[in-house]
Amino acid sequence: MNNNLLNVNIAGLQLGNPTALASGILGYTGDIMQAVAENGAGAVVTKSVGVNPRMGYANPTVVQAKSGLINAMGLPNPGINEYIEEIKYAKSILQVPLIVSVYGYSADEYALAAKKAAAAGADAVELNVSCPHVKYTGSEIGGNPKLLRDVVCKVKAEMNKPVIVKLSPNVTDIVELADVAAKAGADALTVINTVRAMAIDVETTLPVLTNIRGGLSGPAIKPIALRCVYDISECVKTPIMGCGGITDWRDAVEFLLAGASAVQIGTAIAMEAPSVFQDINCGLTDYLKRKGYRSVNELVGKSHRA
Amino acid sequence: MNLSANLTALNTLRTTPIVDIKAENDTVKTFTMKDKLCAKAKPGQFIMLWIPGVDEIPLSVLNAGNGEVSVSVKAVGDATRHLHDMKTGGIVGVRGPFGTCFTESRGRVLLIGGGTGTAPLLFLAKRLAAKADRLSFVIGAKTKNELLFLNDLGSVCSEESVLATTEDGSYGLKCLATEPLEKLFDKEKFNLIYTCGPERMVRKVYDMTEKRKIALEASLERLMRCGIGLCGSCVIGKYRVCRDGPVFTAAQLSEVKDEFGVSRLGFDGSRIQP
Ligand SMILES: Cc1cc2nc3c(=O)[nH]c(=O)nc-3n(C[C@H](O)[C@H](O)[C@H](O)COP(=O)(O)OP(=O)(O)OC[C@H]3O[C@@H](n4cnc5c(N)ncnc54)[C@H](O)[C@@H]3O)c2cc1C
Ligand SMILES: Cc1cc2nc3c(=O)[nH]c(=O)nc-3n(C[C@H](O)[C@H](O)[C@H](O)COP(=O)(O)O)c2cc1C
Ligand code: FES
């Protein structure tokens, strides 16, 4: 969609519209991310990639809940060295910014993966310090202020592309951690990753996910994510990409009003269709016109001032 | 029901007992489960079958109706071996049915199956028997006792329209399933060809039908985890095999020629051979 109403600039990235593909949804290959971009996404985020390959957990890795999905994929990824070729290929075909999500088991690993991703052509990196189901990484780092500061500082020191920090809701005070990431130099925050959850089958009396615990996504977490965005934007000036359960244009507008400058969409791609990006952009445009706004940026944080 | 409510219902895990188990040969067994939603599966669609405590795997539907669904499973690894050890009454979980189905065409049709890929084609053949003018079947395997559903096929098509091939010559023609095709194409004009089986065979069939401009629908296999178009494990080019497939038309396959028969994603998302 090419209309100026929807243009946004976040963390130095120019997006034609404020919707982006969330990490871990389809984002392995350049071709599938291009397909998502053709469906209207203003930017794409890859699957989280680490220094070494990971096979992920055995199935079941995804289980349906009443208004969301619980997943424990276990960060399956080919490792950054193997993934470099895919980043280069993706860059060669994509017309929208490519954000590479990285994770690690130490600040050095995050920095190494991020540096290689940036060198391969990533327009920005997103630090996954919020995966809720893999030990010694993800939210175990993002939930600890000292580790979080070290990781963000180290990555910032070693590269000059924008660094986005993706936060977990599975913490006592997400605002405190957002503040830590901001002070350590984060160029933007993605809020939120999945909410820790599980499912049990009553016939077999077994937990369904092989990893037992997973992360809840989809409509069930939207109110939680919205509150997180609102709270953070009240105290922290760093721009926010809102994420969690966004399914239609109203959801997207709510996140913008709460203080997000852009949104990321995951689960709705499967539960609805990849065309969810186009649908949201159309609805957003109509809303802006109906309300007499000249730019989507005018909505950002507006509910705080209401 | 809107799309997402419908998918939520299909994707909700239902645990259900195995009501029947039938050995097809030394390594393949057919399992039947009660499930109202899966009983509505169309030929070409697949289900996700949970073997509790072990794994959850994609399987093509062999038969569906009367509140039941059947799948034929070859024991090849951990999950499928555990399933083979289960008894009638044992509890499994099902999700689905998922994915695209074969077009039920009229006219003259040819079905080409290899290995357990014959299962969805037998399901299709049963539905086509009433519609199509003439059904022909080519079925291939390494050796005689791996040729699946010979008897069932004989009763769906006429016996003389089933052509069997084995690599060791223990039954039918001694060759690959793709070898007799050129002759068949010379002899008869087919309105539509369907194929499912090992990817090298499927690719060969595609190359042959493309040359002769014969319409084709082919079912592909990729690693599947979510089964609903979310996780990206099964992507080929711009398509998700679990959602946009597993049944693809020749036109779609020509868009993914670089990967079709060439590469797929492994468990860690790296590119490996199919
Ligand atoms: C759409 C579709 C339909 C299928 N239909 C049938 C069928 O009707 N009958 C049948 O016997 N088999 C079918 N398969 C293949 C079946 O899913 C695998 O044989 C099974 O998953 C192997 O599991 P395992 O643990 O026993 O073997 P493993 O030792 O884990 O693996 C053996 C082989 O199966 C593949 N495999 C393992 N897990 C998966 C998975 N989750 N998704 C896809 N492939 C996997 C591996 O890549 C490997 O090549 C189908 C696959 C797909 C994608
Ligand atoms: C199957 C699946 C895999 C995911 N993998 C990742 C990942 O690798 N890295 C990450 O930062 N977030 C991952 N997420 C979280 C999403 O990016 C997103 O934060 C979350 O799903 C909430 O948004 P949604 O409700 O729109 O899906 C994953 C989510 C799902 C459902
Ligand atoms: S299996 Fe997850 S996208 Fe197809």
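As the structure is a prediction and not an experimental result, all values here were calculated from the model.

About the thresholds
Residues numbered from 1 in each chain as written. Chains lettered and ligands numbered in written order. Predicted model: local features only at pLDDT ≥ 70, side-chain atom pairs only at ≥ 80, totals over all residues. Heavy atoms only, no water. Domains from an automatic or database assignment. Contact = heavy atoms within 4.5 Å. Buried area = accessible area lost by both parts, 1.4 Å probe. Salt bridge = Lys/Arg side-chain N within 4 Å of Asp/Glu carboxyl O. Polar contact = N/O pair within 3.5 Å; in protein donor to acceptor, adjacent residues only side chain to side chain. Helix = DSSP H or I, 4+ residues; strand = E, 2+ residues; numbered from the N terminus. Nonpolar A, V, L, I, M, F, W, Y, C, P; charged D, E, K, R; others polar. Buried < 20%, exposed > 50% of the residue type's maximum accessible area, 1.4 Å probe, protein only. 1 Å grid on protein atoms, 1.4 Å probe; cavity = no way out; pocket = protein on both sides within 12 Å on 5 of 7 lines; lining within 4 Å. Points joined across faces, edges and corners; volume = space filled by probe spheres on them. Near = heavy atom within 4 Å. Areas by Shrake-Rupley, 256 points an atom, 1.4 Å probe, with all protein chains shown as cover. Core = buried A, V, L, I, M, F, W, Y, C linked by side-chain atoms within 4.5 Å. Expected span 1.5 Å × (residues − 1).

*Asks:* Mind showing me how you'd approach the domain arrangement of chain B here?
*Replies:* Residue and element names in this part refer to chain B. According to the domain assignment, chain B consists of domain 1 (3-97) and domain 2 (108-272). On a C-alpha basis, the centres of domain 1 and domain 2 stand 21 Å from each other. Facing 24 residues of domain 1, the contacting portion of domain 2 comprises 21 residues. In total, about 1,900 Å² of surface goes out of reach between domain 1 and domain 2, with carbon and sulfur atoms giving 63% of it. Three residues, P43, F46 and L62, lead the burial of domain 1 against domain 2; their summed loss comes to 28% of the area buried on that side. In this assembly, domain 1 and domain 2 are joined by 0 salt bridges. Connecting domain 1 to domain 2 are 3 residue pairs in polar contact (both at pLDDT 80 or more). The set of elements that each furnish at least two residues to the side of domain 1 that touches domain 2 consists of α1 (3-11), β2 (28-34), β3 (46-51), β4 (55-60), β5 (63-65) and β6 (68-74). Taken together, the residues of the side of domain 1 that touches domain 2 break down into 11 nonpolar, 7 polar and 6 charged.

*Asks:* Help me understand helix α3 (residues 118-128) of chain B, please; the structure alone is not making it clear to me.
*Replies:* The α-helix winds at 3.6 residues per turn, so residues separated by three or four positions along the chain end up facing the same way. Of all 11 residues that make up α3 of chain B, 9 are buried, and the element is covered over most of its length. Those residues of α3 of chain B not exposed but buried are T118, A119, P120, L121, L122, F123, L124, A125 and L128 of chain B.

*Asks:* Help me out: how do you make sense of the layout of surface pockets in this one?
*Replies:* Residue and element names in this part refer to chain A. Considering only enclosed or pocket space, the second largest pocket measures out at about 310 Å³ in volume. Tallying contributions element by element places helix α2 (residues 80-93) first for the lining of the second largest pocket, with 5 residues. Taken together, the residues of the lining of the second largest pocket sort by class into 6 nonpolar, 4 polar and 9 charged.

*Asks:* Could you clarify how one ought to interpret the site of ligand 1 in this entry?
*Replies:* All names here are of chain B. For ligand 1, the set of nearby residues contains 19 residues, the closest of which are P58, S72, K74, T80 and M224. Here a nitrogen atom of ligand 1 sits 2.9 Å away from a polar atom, N or O, in the main chain of M224. Counting only elements with at least two residues in the shell around ligand 1, the list comes to β4, β6 and α2 (78-84). In terms of residue count, β4 provides more of the shell around ligand 1 than any other element does, 4 residues in total. In terms of residue class, the shell around ligand 1 is made up of 9 nonpolar, 5 polar and 5 charged. The residue makeup of the shell around ligand 1 includes at least three contributed by each of domain 1 (3-97) and domain 2 (108-272).

*Asks:* Is there a simple way to explain the pattern of salt bridges in this structure?
*Replies:* When the charged atoms of two side chains lie near each other, side chains of opposite charge can form a pair. Scanning the model with the defined rule gives 26 salt bridges over all chains in all. The partner of R271 of chain B in a salt bridge is E86 of chain A, and the shortest N-O contact between them spans 3.2 Å. In this pair, R271 of chain B sits in strand β18 (residues 271-272) while E86 of chain A sits in helix α2, so the two residues belong to two different chains. Here R271 of chain B falls in the partly exposed class, since its relative accessible area comes to 32%. Residue classification places E86 of chain A among the buried positions, given a relative accessible area of 12%.

*Asks:* Quick question: what am I supposed to make of the interface of chain B and chain A here?
*Replies:* Often the size quoted for an interface is simply the accessible area lost on bringing the parts together. Each side of the interface is counted separately: chain B has 39 residues, and chain A has 41 residues. Both faces combined, the contact of chain B with chain A buries some 3,100 Å², and carbon together with sulfur accounts for 62% of it. The three residues of chain B that bury the most area against chain A are R225, L230 and D268 of chain B, which together make up 21% of that side's buried surface. At the junction of chain B and chain A, the tally comes to 1 salt bridge. Taken together, chain B and chain A are joined by 11 residue pairs in polar contact (both at pLDDT 80 or more). Elements that contribute at least two residues to the side of chain B that touches chain A include exactly α1, β3, β4, β7 (91-98) and β15 (239-240) of chain B. The dominant element in the side of chain B that touches chain A, judged by the number of residues it contributes, is α1 of chain B, at 5 residues. A breakdown of the residues in the side of chain B that touches chain A according to their chemical character gives 17 nonpolar, 12 polar and 10 charged.

*Asks:* What is the right way to read the site of ligand 2 from this model?
*Replies:* Around ligand 2 there are 24 residues in total, and S23, S48, K166, G245 and T267 of chain A lie nearest to it. Each of chains A and B places residues near ligand 2. For ligand 2, an oxygen atom lies 2.7 Å from a polar atom in the backbone of S23 of chain A. Contact distances for ligand 2 include 2.7 Å between an oxygen atom and a side-chain N or O atom of K166 of chain A. When isolated, ligand 2 has an accessible area of 610 Å², and the protein chains bury 98% of it.

*Asks:* It is not clear to me how the nonpolar core should be interpreted in this structure. Could you clarify?
*Replies:* Soluble globular proteins tend to bury their nonpolar side chains together. Of all hydrophobic cores here, the largest spans 160 residues; its most connected members are L127, V165, L189, V191 and I232 of chain A. When residues in this core are grouped by element, the largest group, 8 residues, is from helix α3 (residues 107-120) of chain A. Residue contributions to this core reach at least three from each of two domains, namely domain 1 (3-97) and domain 2 (108-272) of chain B. The contact partners of L189 of chain A, leaving out residues within four places of it in the chain, are I164, V165, L167, A178, A181, I232, V236, T238, P239, I240 and M241 of chain A.

*Asks:* Looking at this structure, how should I read empty space enclosed by the protein?
*Replies:* Considering all chains together, one arrives at 1 cavity of 30 Å³ or more under this definition. Its volume calculated, the largest cavity comes out at about 460 Å³.

*Asks:* Just checking my understanding: could you explain the environment of A178 of chain A for this structure?
*Replies:* Residue and element names in this part refer to chain A. Of note, A178 is situated in helix α6 (residues 174-183). Note on A178: relative accessible area 0%, which makes it buried. Once the C-alpha coordinates of A178 and V45 are considered, the two residues, 133 residues apart in sequence, prove to be 20 Å apart. In contact with A178, other than residues within four places in its own chain, are L167, L189, I232 and V236.

*Asks:* What's the story with helix α10 (residues 276-291) of chain A in this structure? I'm lost.
*Replies:* Residues and elements named next belong to chain A. Spanning 16 residues, α10 covers 22 Å between terminal C-alpha atoms, matching the ideal 22 Å at 1.5 Å per step. Of the residues making up α10, those classed as buried are V276, F277, I280, N281, G283, L284, T285, Y287 and L288. On its buried face, α10 is in contact with β3 (19-21), α1 (30-38), α8 (249-258), β14 (262-265) and α9 (267-271). Following α10 by one or two positions, G292 has its phi on the positive side, about 80 degrees.

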